[in-house]
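The chain contents come next:
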Amino acid sequence: RYEVFLVWDDHRLTVLVAKVLRPDQATDVSAVRDLGREAEALARLSHPVIVRGFDAVTEGRLPHLLIEHLEGPTLRELIERDGTLATEQALPLGLHVASALHYVAAEGMVHLDVKPENIVMGAPPRLIDLSVARPVDAARRLRTPIGTDGYMAPEQCDPSRGEIGPPADVFGL
């Protein structure tokens, strides 16, 4: 759905990431709405373990987000390269991500896609990709599965099993 580019920001004097809707998606009302939802989540959330958003353009030929560029591998890449994390690594990582999820829940939101690909390993590690994040009330109204299969809580797989809320993010963690 997206193409991602490194871009130079003359105002901030730094490299950012441009998350751009692919040309075939740029006129899709649903895709543009989802990009706008992600922009709103990025604007609403500010935590040291959550990627920062700087700007969003949801109209025109190239709808896109400008987000923070993060150095480092994802947790998925690290696990594939080095195998299972040692307890000394897993515990602090879990605490960092749990602190971000606690903050997200306190802000009345749910991430809904907590998985190794969405954690960039750095100091501190960072939770990325708020493309399916929702306010809790909107998540509770979902009637179709949302998220990544292997990390979805039972209620995300089948919303008739219960309300989707912050516990779904804990399941992903």
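As the structure is a computational prediction, the values presented were derived from the model and not from experiment. (Residues numbered from 1 in each chain as written. Predicted model: local features only at pLDDT ≥ 70, side-chain atom pairs only at ≥ 80, totals over all residues. Heavy atoms only, no water.)

**Q** So what exactly am I meant to see when it comes to the overall build of the protein here?
**A** Scanning the protein from terminus to terminus reveals 6 helices and 8 strands. Reading the protein from its N terminus to its C terminus gives the helix and strand order β-β-α-β-β-α-α-β-β-β-β-α-α-α. Principal-axis analysis of the C-alpha atoms gives the protein an extent of 45 × 40 × 30 Å. Scored against the burial criterion, the 173 residues of the protein give a buried share of 45%. (Helix = DSSP H or I, 4+ residues; strand = E, 2+ residues; numbered from the N terminus. Buried < 20%, exposed > 50% of the residue type's maximum accessible area, 1.4 Å probe, protein only.)

**Q** What's the story with the pairing of strand β4 (residues 64-68) in this structure? I'm lost.
**A** Along any regular strand, the residues point their side chains to alternate faces of the sheet. Counting buried positions along β4 gives 5 out of 5 residues, so the element sits mostly inside the fold. Here 5 bridges tie strand β2 (residues 14-21) to β4, and the two strands are oriented antiparallel to one another. The residue bridging lysine 19 from the neighbouring strand is leucine 65, located in β4. Looking at chain direction, strand β3 (residues 53-57) and β4 are connected through 4 bridges and run antiparallel. The residue of β4 that forms the bridge with glycine 53 is isoleucine 67. The turn joining β3 and β4, which pair antiparallel and follow one another in sequence, is formed by 6 residues; a positive phi near 90 degrees is taken by glycine 60. (Pairing = 2+ DSSP bridges.)

**Q** Got a minute to help me understand the sheet that holds β2 in this structure?
**A** Within a beta sheet, neighbouring strands are joined by backbone hydrogen bonds and run either parallel or antiparallel to one another. One open sheet accounts for 4 strands, arranged β1-β2-β4-β3; its pairing is antiparallel. Each having just a single partner strand, β1 (2-9) and β3 make up the two edges of the open sheet. The mean angle between the axes of side-by-side strands here comes to 20 degrees, regardless of whether they run parallel or antiparallel. Running at roughly 30 degrees to β4, helix α1 (residues 29-44) makes contact with β1, β2, β3 and β4 of the sheet. (Axes fitted to C-alpha atoms, helices over the stretch in contact; angles between N-to-C directions. Contact = heavy atoms within 4.5 Å.)

**Q** What am I meant to see in the pattern of salt bridges here?
**A** Side chains that carry opposite charge are capable of pairing whenever their charged atoms lie near each other. For the coordinates displayed, the defined rule picks out 12 salt bridges. For arginine 1, the salt bridge goes to aspartate 34, with nearest N and O atoms at 2.7 Å. Note that arginine 1 is positioned in the segment before β1 and aspartate 34 in helix α1, a separation of 33 residues in sequence. Taking the relative accessible area as the measure of exposure, aspartate 34 reaches 13% and is therefore buried. Here aspartate 129 ties to lysine 19 by a salt bridge, and the two come within 3.4 Å at their closest N and O atoms. Placement of the pair is aspartate 129 in the loop between β7 (126-127) and β8 (134-135) and lysine 19 in strand β2, with a sequence separation of 110 residues. Looking at aspartate 129, the relative accessible area reads 22%, which means it is partly exposed. Connected through shared salt-bridge partners, Arg1, Asp34 and Arg37 make up one network. (Salt bridge = Lys/Arg side-chain N within 4 Å of Asp/Glu carboxyl O.)

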